[in-house]
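Inside the fold
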Amino acid sequence: MMGESENQADSVFGGFSDTLRAKAHNIHETPRYYDGEDENGVESRITADDMDEARQQNMAYEYLCHLEEAKKWIEVCIEEDLGATIDIEEALRNGVTLAKLGHYFAPEVVPVRKIYDPDLVKFNKRGLHFKHTDNINFWMNAMASIGLPQIFFPTTPDLYDKKNMPKVIYCIHALSIWLNKLGKAPHMQNLIGIAEFTEEEISEMTRALDQYGISIPAFNKIGGILEKEIGVDEAAKHAAVIAINEVLLKEEPNLTLEALLNKKAYLNHVETQNKDRYHEILFLAKLEKTELAQDDGKTSENSDIYEFYLTHLEIQDIIEDINDIVRKEIAEAKFRAAITDINSKITAGSADELMASLKVTASRLKNVNDANKDTYLDFLKSARDAQGRNLTLDELQEVLELANEEMRKKRDLEGALKTLHNSVTGSDVAKTYDALHHCAFKLPPLDASAAPKYQATLFFELAKKVDGVLKEGLSSDHTMLTHKEVQDSVKSVNDQIKDVKKFAEAIASINYTLAQDDPLETLAALYVQAASINEILERCAEDYYMWMREALDVKRQEAANSPGDSNWLELRSTDNQIFFYNLENKQLVWHHEYEPLVRPDEAAECSFFMAHDEIQWIVSRVTAKVQRDEWFEDNVDHIVRLQSIVRMNLTRKKFKSRLKFLNENEEAAINIQSLWRGYKVRREMQERQEYLDTNLKHIVRIQAWVRGYQIRKNYIQLTQDKPSVQVLFKFLYLLDQSAVDHAEEAELKRYKANIVKEIRSNQQLEKEMNEMDIKIGLLVKNRLSLQDVVTHSKKLKTSKRGTTDVTEKKGRGLKDLSKESRELLESYQHMFYLLQTNPKYLAKLLFLMPQNNATKFMETVILTIYNYGTNTREECLLLRLFRNALREEIQLKVDKVQDISTGSPTVIKIVVTYYRGTQGSQNSLKALLGPLIEQVMDDKELNMNIHPVEVYKAWISRVETETGEASKLPYEVTPEQALKHKEVRDEIEKTIKKLVTIIESFQEKIISSVDKLPYGIRFIAMCLRRDLKEKFPESTDDEIMKAVGNLLYYRYMNPVISAPDSFEIVELDAGSSLSNIQRRNLGSISKILQHAASFKTFDSDATYLSSLNTFIHSAYGKFMEFFTRASDIEEIEEYFNMDEFSDVTMLNKPCIFISPNEISSTHQLLLDHQNEIAGEDDPLKEVLAALGPVPDDSLLVTDDKSAEFSLLLTNKWELNMQDESNIQALFSKTKYLIVDLLKIQRGASLVSILETAATAQQQELYRAIHSRRIADENKKSEEEEKNAKFVVFDPNDTTISLLKQHILKNLTILSEHGMVTPDDDYQQILTSIAKDIVSQRKYRQRRRQDLKKMAATMDLMNKKRKYYGEAVTYYQEYVKACINNLSKSKKSNKGDKKKVVKYTASKLHEKGILVEIDRVPISSFRSVSIEISSTDQIGEFDVYAKLAAFNVEKITINFENLLQLQYEGVSTLKFEENGVTVNVNLLIYLLNKKFYGKE
């Protein structure tokens, strides 16, 4: 009993209530959301709303604590960081973390390899995937394997869909306790009152819990549910726990401690010094639990004792928590005291006292060094002053580390400076160079060759500093170099080294260019700034080169006779210091200015290279010479000027003499000149004309080629992906509409408007015909019922019975004349019309079923729906289905192009079977391949046996027959052995040649008969080619055409060649079949053709057929061309000439022949998969909703369920003439407005045109165009305006500025919808204009075709309207005749005297005909007299009622209306104006009997 009750009543397993946790931490602590007192010490009162808000926030805080507890526990188990607590719920949804947790405690159940997406790559890229639910299932299986009760388990949607995340966290808490008790996991920490969260996090969690709309699980009751699984000495334990609960009431901590230490209580870690807290918190916990039980209305008599007492686990958890809290409090108190003491010592300013405080262990500080105490004090004091408060542990530790690092650097630097000082003063170059490498200096890389330079520079700096110290009278402590002085000295040496190396390389470069025989290269080298060569003139390049080349040759002759290395170059730096530089190994040697000049040991006396001074001397000499020569040239100008003056005078004198002569003979000179000019012009014109006449054809051709080239170039730019505005300018004239265009557009709109009117008119007429059908049916049914009534009445008169029974004839299923059957029939008509005309439904449905079921469904039900394509309409619709189904199969089931050839695609298999089975396709195959196949079959001598062994055996047999002697050759051989004989090889080669000849005839016949193939098979080939290219754009055309060839040849033609008798291609006598030789011959032909079509050559396994590979190569190219042409064909809408008006122009509705079985199975399939094949607002869902579940067999048919019957198909939805959305219309309108703007104003881009103001001339041109359009708009009729899709022209755009504003406004709207972007100059709309220009010719052709089609449609619509009108008139006359015939049966021979029937109201009430009369009680019905009489109007009756001597108002009853009410299932009819209610069925019975029955 104890285990069961404690299991149910325990409030906390492993802990106590959250409120008591906070009290245990600090008994006197104010609650988290308690208002307390205001500023003035007055206690504030909180409202009910405030209390409710505080309660919700407390609940959110506690739940956050539970999240933090679960997160930290999981992190310890799987050793991974789970991120922020507020995000833990979202992180758990993919199940990866939980699956890893399952692997932690049950690795045999959850192996690592089974965890889906363990590294979260897929989750981070695409989010949640349904396979993540596998991880959740693994976790649950792991928990089940360790025996965790199922009551804690969440459902998959609770976690994956985030339906109940608190339940998931609840389960994790239970799991932690269960694993801890099993010894498989650590204990979960209790963080309530310890964990801290921001107000934003608490508020966010409050909103999240409100969204869950569920109550938070009782985390404090987990223990009671799990307690039964723990096996202990329950009786002793129970008694000890009861004793502890009872001793708590005595308020004696010592007694409480004694009870807790009882071994039979099985309590651990009881600390004597914590007895007061144990007693107080346990007492409060028991008090709280008792109050909760009493609040729930429980009493000790009728409840378990643990509803009021603390359980063992609650007590143990309280003990553990108090122990932890006490230990933490002690450690925290010591720590806070130590930190406070350190801060006080910092303020006191004593380095020794501070050091003593820093070294206290409780302070938790590390790396404290006595030598740094003064630095510690300075650093800590600065940090405390900067913060303006006491420093925390982290801040203290950080400052100490900084002080330690600073002191270490300081000591290192002092030692390094001292070492450097000693080496510099001792003039030890090697030691100085080594000392500079100390890391404390933080120097850049040093040059080993400049070690003496470093030494000299540092020594000079040190000497200068010593001299300054002596002058100022300072102590010797200041004579050492500082860190900065060392750095500056080294930097100056390094900079100087770089400069001299650049200088030396520049001089060397000048020397090198002298060997290249290129003065310009030498000049460029001289111009290099590093060379420091002055007085350079560019025009002296040749002279520089020649002079320096001669000097260099002299130096090299001298160096050749000088011993040593001549690659050394002696130079002088900018500070006048000599150095030597080896141009070969780049070695640098410095010469100190205070020492005698000493060359490097290996350097020669003479160098191969010219030095800087030598080069500068030559450049200066050459420049001076050139400048001197130029000075002379400047003075020569004066001489030239003098000479020119003399020549001028002589020339003037000669000119005057000639001018005088011409003036004296002016008339003769003019005549001579005119004659000469005329002759010259005539001669040139004659020569030019002769040249043009001779080359006229070439000139015309060149002009045409140039014009064509220019047009093609512009057109190519127009058809590119992103045509520019400049390209559009050249073709905008093509968009101008001529008078013919406007007339055709107007005629097309008028046709469409008239067709819509005719459609609606015909729909109305069809509706009236349907109503007439119902009325005629009701009259016929009523007539049959009336005959039954008359016959039954005679029987009643004969047998003298006083009661009458009216029976109805048994229904006829969907054809039954009842409203229910009629509505069901119409819904099925709508459903099958949708399935037939909208192929997406059946295309998707095919691949939601198993393949074998899909094939059977396709071959039976689907082909039945399309009447097996027996007419043009059904074949067109069936091809649409094949197209959609093929695309669906490729998208879902084809992973690579080769799957089409290697697999067995359902759609292709059905298409081939269908087209090989139809009579037309059989005839085309028979005409295509039949003659060739018969020719092969009729050739009795033909034997295409090319197998080596069989040819070998036939040769042996022939030899033996001819010689009459047995052959000595072996009879059983391998192919390789057979091919060793020349006779066998020759026979095979001969057969192959004959085979190739026959195969070529087959291929030529196939290739030349591409137009004879059925349109359907070619259309499916085109769809296959297009869909494969769309899904696999990276595939080559060759791969895709192989797949097309697999359809056209291998699946469609090849079986016909290899087995013609199976497809009725050839006619055989009864009982006869193909011989083995004939089959082998045809098989060989089909095999080689298949190899050629798929480009499969014969490899080493069949070397004897390798000669066929050449033929296969050539035949493959022909097949590829054939497949390309065969798969290039017009769309089905153009081929079958069908459009959106085709169905509405048919006189007869589409009809299919289908069985009830097929109807019900199709209906059930659609219901099962409606969500997969139809959207939310799809018409199919509307039809299925109207149909409801699959009806009973009795509602479909009463006879044979498998028998077929005809089903007319009707369209429930009107034709939608305008399927463009508003935003698409706006796009088109904006496009035409931009065209208008571009015709008037030009620019570099559309944006620049919109931003640039128009000129006055452009404004005038636009006003003229605008005025003309306004005039055209005013001429439009109301009908034309009403039929227009949208109006492009806006009369308010009176100026170009307004037009641009209109365009910019539209472009802004289009940008918001993502249709255009301004960043690329609105390229989308420019591309659309370019496409309109390109397709303008096609559009005009299509418009003319549409006009012809519309005219034919109008003719058909007029015929249909005429047919419907005649039918409606006939039906109306027929109804009148039916009613008139009914009436004739009761007319008397006395003429047309109206018949009157009289009853009392009580009599009619007894018959059930009269139900009630308002304000007239049934007891008064005897006083009411009712008179029913026929009228002159056929089918109408007048009813008069009299109450005593008063007449009541007349009631007119229409017999057709009564039949309609009966059809609709209305049982009673109330005449509101009179308050009379009658039974419809019995009233019809009475009128039939009295007015339409036989005497």
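Here goes a summary of the coordinates provided. All chains use their own residue numbering, which begins from 1 and follows the written sequence. Only residues with pLDDT of 70 or above have their local features reported here, since the model is predicted, and side-chain atom pairs are shown and tallied only from 80 upward, although totals for entire chains, interfaces and linings are computed over all residues. Note that water and hydrogens are dropped before the side-chain values are worked out from all heavy atoms of the structure.

**Observations concerning the pattern of salt bridges**
Worth spelling out the cut-off: Criterion for a salt bridge: a side-chain nitrogen of Lys or Arg within 4 Å of a carboxyl oxygen of Asp or Glu. Only DSSP runs of H or I reaching four residues or more are called helices, and only runs of E reaching two or more are called strands; each is numbered from the N terminus. Whether a residue is buried, partly exposed or exposed follows from its accessible area with a 1.4 Å probe, protein chains only, as a fraction of its type maximum: under 20%, in between, or over 50%, in that order.
Applying the stated criterion across every chain, the model contains 33 salt bridges. For the salt bridge of D517 with R549, the shortest nitrogen-to-oxygen distance reads 3.2 Å. Of this pair, D517 sits in the loop between α21 (483–513) and α22 (519–527) while R549 is found in helix α23 (residues 541–560), placing the two residues 32 residues apart along the sequence. Here D517 falls in the exposed class, since its relative accessible area comes to 58%. Look at R549 and you get partly exposed, because its relative accessible area is 27%. Close ionic contact of R883 with E1131 constitutes a salt bridge, the shortest N to O distance being 3.7 Å. Pair noted here: R883 is in helix α32 (residues 872–893) and E1131 is in the loop between α42 (1108–1126) and α43 (1132–1135), with a separation of 248 residues, a long-range link. A residue is classified by how much of its surface remains accessible, and E1131, at 25% relative accessible area, is partly exposed.

**Details of the nonpolar core**
In plain terms, the rule: Note on terminology: a nonpolar core comprises buried Ala, Val, Leu, Ile, Met, Phe, Trp, Tyr and Cys residues joined through side-chain atoms within 4.5 Å. Note on definitions: a residue-residue contact is assigned when non-hydrogen atoms from the two residues lie within 4.5 Å.
If you look at the biggest cluster of nonpolar residues, it comprises 132 residues, and the most contacted ones within it are M831, F832, F882, F1002, I1085 and F1123. With 11 residues, the top contributor of residues to this core is helix α40 (residues 1037–1058). Ignoring any residue separated from it by four or fewer positions in sequence, one finds F1123 in contact with M1041, V1044, G1045, L1048, Y1049 and A1093. Core analysis: the second largest hydrophobic core is formed by 58 residues, A60, L92, L98 and I146 among them.

**Here we look at the packing of aromatic side chains**
Rule in force here: Ring geometry is summarised as follows: Phe, Tyr and Trp rings, the Trp one being its six-membered ring, pair when their centres sit within 6.5 Å, and such pairs are stacked at plane angles under 30 degrees, edge-to-face over 60 and tilted between the two.
The full count for this structure, using the stated rule, is 14 aromatic pairs. Arranged with centres 6.1 Å apart and planes meeting at 55°, the rings of Y952 and W955 form a pair that is tilted. Remark: W955 and Y952 occur in helix α36 (residues 948–963); sequence separation between them is three residues, near one turn of the helix. For W955, a relative accessible area of 14% gives the class buried. On the numbers, 5.9 Å between centres and 20° between planes, the contact of Y1015 with F1019 is stacked.

**Some points on the sheet that holds strand β12 (residues 1468–1471)**
Formally: Two strands qualify as a pair provided that DSSP identifies no fewer than 2 bridges between them. The axes are straight lines fitted to the C-alpha atoms, using for helices just the contacting stretch, and the angles between their N-to-C directions are given from 0 to 180°.
What the three strands build is an open sheet, ordered β7-β13-β12; its pairing is antiparallel. Either end of the sheet is taken by a strand with one partner, and the two such strands are β7 (1410–1413) and β12. Strand-to-strand twist in this sheet, taken as the mean axis angle between neighbours without regard to direction, amounts to 15°. In this structure, β12 lies alongside strand β13 (residues 1476–1479), joined through four bridges in antiparallel fashion. Along β13, the bridge assignment pairs F1471 with V1476. Packed onto the sheet, helix α57 (residues 1480–1491) meets β12 and β13 and runs at close to 75° relative to β13.

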